[in-house]
Amino acid sequence: QVQLVESGGGLVQAGGSLRLSCAASGRTFSSYAMGWFRQAPGKEREFVAAISWSGGSTYYADSVKGRFTISRDNAKNTVYLQMNSLKPEDTAVYYCAASFAEYGSSWPGEYDYWGQGTQVTVSS
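This is a predicted model, so every value here is computed, not measured.

Caption draft 1: Molecular detail of the environment of Asn77. In this fold, Asn77 is placed in the loop between strand S7 (68-73) and strand S8 (78-83). Taking the C-alpha atoms as reference points, Asn77 and Arg27, 50 residues apart in sequence, are found 10.0 Å from one another. Contact partners of Asn77, with chain neighbours within four places excluded, come to Cys22, Ala23, Ala24 and Phe29.

Set out below in structure tokens:
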């Protein structure tokens, strides 16, 4: 069993930055890929970014490429999402997820465990 707890969400003005964290406990953190997804009111959950076991491979949705950076610290059992140049359309609940595949995926069904989510609100 893996427990995931997100933190770092909040209210920020457009153009600002936030860093989300996801702390994992349970199984060996370095044995699974991690992903970030988000869900806005009335919309489906969408892929944001993913990172492989080692952190050597990263993937991003086109909508966040160049603005968001995913990283991980296996010694701290934590994955991060640095979000810069935030836009109102980035407003959503952000979820981290863990996959036993080596590489991350944009498909939610690939992930085995999910956190409870953290709210990010970007004001215009």
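Next, the rest of the story.
Caption draft 2: Focus on the pairing of strand S3 (residues 18-26). By the bridge criterion, 6 bridges tie strand S1 (residues 2-7) to S3 in an arrangement that is antiparallel. Bridge pairing in S3 places Ser7 opposite Ser21. Where S3 lies against S8, 6 bridges are found, and the strand directions are antiparallel. Its bridge partner being in S8, Leu20 is matched across the sheet by Leu81.

Caption draft 3: Local environment of the packing of aromatic side chains. Enumeration over the complete set of coordinates arrives at 7 aromatic pairs. Between Tyr32 and Phe100, the aromatic rings sit 5.9 Å apart at their centres with planes inclined by 85°, giving edge-to-face as the arrangement. Residue Tyr32 is located in the loop between S3 and strand S4 (33-39), and its partner Phe100 is located in the loop between strand S9 (92-99) and strand S10 (113-114); the two are separated by 68 residues in the primary sequence. Classification of Tyr32 by relative accessible area gives buried; the value is 0%. Judged by relative accessible area, which is 33%, Phe100 ranks as partly exposed. Following the ring pairs from residue to residue traces out a cluster consisting of Phe29, Tyr32, Phe100 and Tyr113.

Here is what the cut-offs are and how they apply
Throughout, residues of each chain are indexed from 1 in the direction in which the sequence is written. Where local features are concerned, this predicted model is filtered to residues with pLDDT of at least 70; where side-chain atom pairs are given and counted, the filter is 80 or more; whole-chain, interface and lining totals use all residues. Only heavy atoms go into the side-chain values, all of them from the structure, while hydrogens and water stay out. The secondary structure listing takes helices from DSSP runs of H or I that are at least 4 residues long and strands from runs of E that are at least 2 residues long, numbered from the N terminus. Contact criterion: two residues are considered in contact whenever any of their non-hydrogen atoms come within 4.5 Å of each other. Here, any two strands with at least 2 DSSP bridges between them count as paired. Centre distance within 6.5 Å is the pairing criterion for rings of Phe, Tyr and Trp, where only the six-membered ring of Trp is used; planes under 30 degrees apart are then read as stacked, over 60 as edge-to-face, and the remainder as tilted. Exposure is judged per residue with a 1.4 Å probe applied to protein chains only, and the accessible area is read against the type maximum: over 50% gives exposed, under 20% gives buried, and values in between give partly exposed.

Just distances and angles here, no functional claims.
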